[in-house]
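A look at the structure
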Amino acid sequence: MANTIIHSCPSLKLARERKETITSYEKIKISSYLKSHLKNKKYYIYTHGCQANYRDSEIYKGILNEIGYKPTLDIKKADLVLINTCAVRENAENKVLGEIGNLKVLKAKKDMVIIIAGCMAMEETLVDLLIKTFLHVDIILGTHDVAKLPSVLEEHLKTKKRIICVNSGSGYIHENLPSIRDYKFKAFVNIAYGCDKFCTYCIVPYTRGRERSRDPKDIINECKELTKKGYKEITLLGQNVDSYGKDLKKKYSFAKLLEEVAKLKMPRLTFLTSHPYDFSLDIIDVMKKYKNIEPYLHLPIQSGDDATLKLMGRKYDSKKYLSLVNEIKKKMPNIFLSTDIIVGFPNESKTAFNNTLKAVKKCQYDGAFTFIYSKRSGTPAAKMIDKISDKEKGMRFKELTTLLNKIIEKNNKKYLNNTYEVLVDSVSKNNPNALTGRLMNNKMINFEGDSNLVGKLVKVKVTSTHIHYLIGKLIK
Ligand code: 5AD
Ligand code: SF4
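Residues numbered from 1 in each chain as written. Chains lettered and ligands numbered in written order. Predicted model: local features only at pLDDT ≥ 70, side-chain atom pairs only at ≥ 80, totals over all residues. Heavy atoms only, no water.

Some thoughts on the overall build of the protein chain
When helices and strands are tallied, the protein chain shows 14 helices and 22 strands. Since a compact globule built from 476 residues should have a radius of gyration of about 23 Å, the 23 Å found for the protein chain is in line with a globular shape. If you line up the protein chain on its principal axes, its C-alpha atoms span 60 × 55 × 50 Å. Burial statistics for the protein chain: of 476 residues in total, 57% are counted as buried. Here the contacts in the protein chain between residues at least 6 apart in sequence split such that 76% fall between residues at least 24 apart. Just so you have it, the protein chain exposes about 21900 Å², and 54% of that area is on carbon and sulfur atoms. (Helix = DSSP H or I, 4+ residues; strand = E, 2+ residues; numbered from the N terminus. Rg over C-alpha atoms; globule rule 2.2 N^0.38 Å. Buried < 20%, exposed > 50% of the residue type's maximum accessible area, 1.4 Å probe, protein only. Contact = heavy atoms within 4.5 Å. Areas by Shrake-Rupley, 256 points an atom, 1.4 Å probe, with all protein chains shown as cover.)

Focus: the site of ligand 1
Taken together, the residues surrounding ligand 1 are V88, R89, Y201, Q302, D340, I342, F371, I372, Y373, S374 and R376. One nitrogen or oxygen atom from the side chain of Q302 is found 2.6 Å from an oxygen atom belonging to ligand 1. Interatomic distance of 2.6 Å between a side-chain N/O atom of D340 and an oxygen atom of ligand 1. Protein coverage of the free-state accessible area of ligand 1, which is 400 Å², stands at 85%. Those elements giving two or more residues to the shell around ligand 1 turn out to be strand 16 (336-343) and strand 17 (367-372). Split into classes, the residues belonging to the shell around ligand 1 amount to 6 nonpolar, 2 polar and 3 charged. (Near = heavy atom within 4 Å. Polar contact = N/O pair within 3.5 Å; in protein donor to acceptor, adjacent residues only side chain to side chain. Nonpolar A, V, L, I, M, F, W, Y, C, P; charged D, E, K, R; others polar.)

Observations regarding the pattern of salt bridges
This structure, assessed with the given rule, holds 33 salt bridges. Across the pair D278 and K197 runs a salt bridge, and its minimum N-O distance is 2.8 Å. Taken together, the residues D278 in the loop between strand 14 (268-272) and helix 10 (281-289) and K197 in the loop between strand 11 (192-193) and helix 7 (204-208) connect sequence positions 81 residues apart. For D278, a relative accessible area of 9% puts it in the buried group. Within the structure, one salt-bridge network assembled from shared partners comprises R55, E58, E175, R181, R214 and E222. (Salt bridge = Lys/Arg side-chain N within 4 Å of Asp/Glu carboxyl O.)

Considerations on the nonpolar core
Grouped burial of nonpolar side chains is what soluble globular proteins tend to show. In terms of nonpolar packing, the biggest core is built from 67 residues, with L236, F254 and L258 touching the most fellow members. With 6 residues, the top contributor of residues to this core is helix 9 (residues 254-262). Residues contacting L258, with those up to four places away along its chain left out, are L236, L269, F271, I283, V286, M287 and I293. The next biggest cluster of nonpolar side chains, apart from the first, holds 32 residues, and it includes A78, V81, M120 and V127. (Core = buried A, V, L, I, M, F, W, Y, C linked by side-chain atoms within 4.5 Å.)

Brief notes about the sheet that holds strand 21 (residues 457-465)
Taken in spatial order, the 5 strands of this closed barrel run 18-19-20-22-21, and their pairing is mixed. Taking each pair of neighbouring strands and ignoring which way they run, the sheet shows an average axis angle of 50°. Sheet topology places strand 18 (residues 419-427) next to strand 21; 5 bridges connect them, and they run antiparallel. Bridge pairing links T419 to K461 in strand 21. (Pairing = 2+ DSSP bridges. Axes fitted to C-alpha atoms, helices over the stretch in contact; angles between N-to-C directions.)

Description of helix 6 (residues 149-159)
Side chains of residues three or four places apart in an α-helix project in the same direction, reflecting 3.6 residues per turn. When we look at burial in helix 6, the residues that qualify are L149, P150, V152, L153, E154, H156 and L157. Against helix 2 (32-37), helix 3 (51-67), strand 5 (80-85), strand 6 (113-118), strand 7 (139-141) and strand 8 (162-165) lie the buried residues of helix 6. Immediately downstream of helix 6, the backbone of K160 shows phi near 65°, a positive value.

Considering the packing of aromatic side chains
The way to describe two aromatic rings as a pair is by their centre distance and the angle between their planes. Counted under the stated rule, the structure contains 10 aromatic pairs. The interplanar angle of 85° and the centroid separation of 6.4 Å between the aromatic rings of Y201 and F345 together place this pair among those described as edge-to-face. Within this pair, whereas Y201 is found in the loop between strand 11 and helix 7, its partner F345 is found in the loop between strand 16 and helix 13 (350-363), the two being separated by 144 residues in sequence. Classification of Y201 by relative accessible area gives buried; the value is 10%. (Phe/Tyr/Trp six-rings, centres within 6.5 Å; stacked < 30°, edge-to-face > 60°.)

As for the environment of I475
Among the structural elements, I475 can be located in strand 22 (residues 470-475). Take I475: its relative accessible area is 39%, and that puts it in the partly exposed class. Sequence separation of I475 and L236 is 239 residues, and the distance between their C-alpha atoms is 30 Å. When sequence neighbours within four positions are dropped, the list of residues in contact with I475 reads T419, K459, V460 and K461.

Printed below as a string of structure tokens:
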């Protein structure tokens, strides 16, 4: 520990405390020391987890670029490696721990600065483990400390000591940070940080802090800028977009924000993630009013069982969720509805699981992300005694995904032989002649085409379907 400088360590207790939000518009300063010492150095970033992490990585890239670093795709050539970590489930963490372990071998061959950032850095037990057993990690940087990257890097370079800089008290928004966006045609725009819902299984409110909404002016300016640059799609991001603005001094609703952004005429506008407790049907009214808002809604149910929902702290029951879905579908029959479901929450009975299956049948989802419950240290659910075996959980998971696949496959039939506008996303990973894109409702489609179409809007006719994507033919 003598070789470690601890500025601050994570505290789950402190993470729960609400503080007044302060927004800083100050530009980050890069010292002449950093500029002169790090010319022509290269960085490599691994990003795990959700879009919030990908957006943070874009900011890390922006800051490293201002310092003078250039990106490299070959980790062996990197002078700095940053791992932006995810803590939402144990398997994500294990993957990262494996990656950190592998870096030890690389670092023995080549001098490099290793930085662990993101959600795992916000966990007390994880930071403890990293400090004690991963001695080759040079800097641990918290999610609220992104802007401190230049100063901790400088401190590490000057002292050669490990630096731990993880503040858990949030209440802070930093505007105007530099960023290098991963795409030239689609962009993620944060509208709020953190989460106030504290679902009992979830680590996110601790790793990302209490909910802080950005000022609508700042969001709209960012979206205006992206529109001017010719971007084709904006995704407004928040852990719970529907509660946007509730914490602002001058209250502001998500429906209003969505409408203001839609008026900027970005060809495609969408948002993630909705919470059934805060979701308001005004949002659907706005979605119907503006043709450029994607008819796509991600509305996690998590469970279809009332006792489980209560234990999860979701603040709604199955009746409320199902009637909300009915209302939404009545107002917008063409909506693409997707969800998240957790299987094997502590002591989930067979009846409780069957209630989830029943709800899934009623909702007829177009897409779903399914997860086996993962115990997160420090959350209330981690203290619940769980007698359900892993084998049973695995069987339920399989039963649920089989049902969802059947529903999705049936829903896919409606696309067959129709032609849709597609935003081309990328060249397919498995076939260099195939492209992957999305319909206006976010449905994925693969088709043959030239890589210069990436980022463009094209017309594609659906020729066949697969459970998770459509297959189509480019219409010239
Ligand atoms: N175990 C399993 N899944 C989880 N999620 C969040 N926390 C956990 C956990 N401890 C899932 C929820 C959430 C999605 C992003 O991850 O379904 O909506
Ligand atoms: Fe986690 Fe619940 Fe917040 Fe979603 S709403 S981030 S599941 S606490």
